[in-house]
Amino acid sequence: MKKNILYLSYDGLMEPLGESQVLNYLKKISLTYNVHLISFEKSVDIQNFQKFQKFQDVCSTHQINWKPLKYSKFIRYVSSLKNIFNLFVQALSILIANNIHVVHIRSYMPGVAALPLKKIFTFSLVFDMRGLWADEKVDRLGWKKDQFKYKFFKFLETKLLKRSESIITLTNGLKSYLIEQGYDGKKITTIRTCVNLDEFYPINCQNEDTSINLGYLGSADTAYDITPVLELFNQILCIQENVKLKIFTKSDPEIIHKIANKIGIKSKFLDIGFCNREDLNIAINDLSLILFYLKPSFSLLASMPTKIGESLGCNVPIICNAFNKDIQELMGDSNAGKLIEFNNTQEEALETLNFIGNYAQKSTCRDLAINEFNLELGAQKISNIYYEI
């Protein structure tokens, strides 16, 4: 008999992150388990009938019992309480109607509902951390460690780590940290931000253009700082001008252009815009490499950006800073990328150009993606967790 799984996600299934990091996993896991899924969806997505129907059909095809809840955000703390209450009620109804064996919570917020439910029902709890959430808020959004909200979520983190039967981390660095804090390493599994390598794969582009396309993918602020990337790009332009930086982001292009202009980069060398997920594979394949810089902080020991697997899956290498031990280990013995300090020097610009010019063994990227960021591997690890607990 198949085990019944209840998966709780505060992220929307119809958002790019939810589709790649929740739905893609569950489509494979549902082959082995009966999956019930609760997610929070934005009004704009729910009102898009065609999009909503598409996701309902996908879930139905894969026998995923999806219960979308409307995400409320109008009144700051009240809306959060309303969301958690609705999640609690919906999860309660599923637990009453079904013999749920495992409750899988994605990040911290669903844990507010899961912990009281665990006192009422008998199920195994999987805490899929995704990162050090409260510390990320301190590092990126200005939270203070003496604030009640920080203390509350650190208290919640401790309770979830203690009460869960299994813990999932994105990095070995976080796993080691948790073991140092006294948690049982046997119940901690590292699963990267995996990608579907059938969606991200190399395309043999017959491009007669001899120019070099560098790429930047995702947010330009919060955890990231695009300024060091633009400074490196400017140094590259000082050496040769047949280079373009393509920036795929939801961030405000005006702000990026202002930063670039201040550095001295002419707008003709930049191409800034948003790229739909269905077009991302082609867009990445048009690049020589992807650049990004993460602001150094404590919480980064738990981070592994999705763009890494997407880029490597397309056989496109990455250049970034050594933001944690995991990326150092992944890039250390590999030709799949290069770690630099982003010191705004001609030397680093030459290193970057030489890396592109000498990059012949592109299969190295794909191999690393298969071994470390493969959705098949990630889904199998989750399935094994469900089986063992």
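Structure's up top.
Residues numbered from 1 in each chain as written. Predicted model: local features only at pLDDT ≥ 70, side-chain atom pairs only at ≥ 80, totals over all residues. Heavy atoms only, no water.

Trainee: Quick question: what am I supposed to make of the sheet that holds strand β11 (residues 289-292) here?
Mentor: Backbone hydrogen bonds hold the strands of a sheet together, and the pairing may be parallel or antiparallel. The six strands are arranged β10-β9-β8-β11-β12-β13 in an open sheet whose pairing can be described as parallel. The open sheet has two edge strands, β10 (270-273) and β13 (337-339), and neither has a second partner. Strand after strand, the sheet turns through a mean of 20 degrees between neighbouring axes, direction not considered. Across three bridges, strand β12 (residues 318-320) lies against β13 in parallel orientation. Each bridged residue has a counterpart across the sheet, and for Ile319 the counterpart in β13 is Lys338. (Pairing = 2+ DSSP bridges. Helix = DSSP H or I, 4+ residues; strand = E, 2+ residues; numbered from the N terminus. Axes fitted to C-alpha atoms, helices over the stretch in contact; angles between N-to-C directions.)

Trainee: So what exactly am I meant to see when it comes to the pattern of salt bridges here?
Mentor: All chains considered together, the criterion is met by 14 salt bridges. For the salt bridge of Glu310 with Arg277, the shortest nitrogen-to-oxygen distance reads 3.1 Å. Within this pair, whereas Glu310 is found in helix α12 (residues 306-313), its partner Arg277 is found in the loop between β10 and α11 (280-285), the two being separated by 33 residues in sequence. Like Glu310, the residue Arg277 is buried in the burial classification. (Salt bridge = Lys/Arg side-chain N within 4 Å of Asp/Glu carboxyl O. Buried < 20%, exposed > 50% of the residue type's maximum accessible area, 1.4 Å probe, protein only.)

Trainee: Explanation requested: the nonpolar core in the structure shown.
Mentor: When a protein is soluble and globular, its nonpolar side chains tend to lie buried together. Counting 63 residues, the largest nonpolar core has Leu214, Tyr216, Phe233, Leu245, Leu270, Phe292 and Ile308 as its most contacted members. Not counting chain neighbours up to four residues away, the residues in contact with Phe292 comprise Tyr216, Tyr224, Val229, Pro305, Lys307, Ile308, Ile318, Ile319, Cys320, Asn321, Phe323 and Phe342. Membership of the second largest hydrophobic core comes to 40 residues, among which are Leu117, Ala134, Trp143 and Tyr150. (Core = buried A, V, L, I, M, F, W, Y, C linked by side-chain atoms within 4.5 Å. Contact = heavy atoms within 4.5 Å.)

Trainee: What exactly am I supposed to notice about the pairing of strand β1 (residues 4-9) here?
Mentor: The side chains of a regular strand alternate, first on one face of the sheet and then on the other. Buried residues dominate β1, accounting for six of its six residues. The alternating pattern of β1 places Asn4, Leu6 and Leu8 on one face and Ile5, Tyr7 and Ser9 on the opposite face, and all of these are buried. Of the strand pairs in this sheet, β1 and strand β2 (residues 34-41) are connected by six bridges, and their pairing is parallel. Opposite Tyr7, over in β2, you have Leu37 as the bridge partner. At this point the chain moves from β1, through helix α1 (residues 16-29), to the parallel β2, and the crossover so formed is right-handed. Strand direction decides the pairing type here: β1 and strand β4 (residues 102-106), joined by five bridges, are parallel. If you follow Leu8 over to β4, its bridge partner there is Ile105. (Right-handed = clockwise from strand over helix to strand, strands pointing away.)

Geometric values such as these leave the question of function open.
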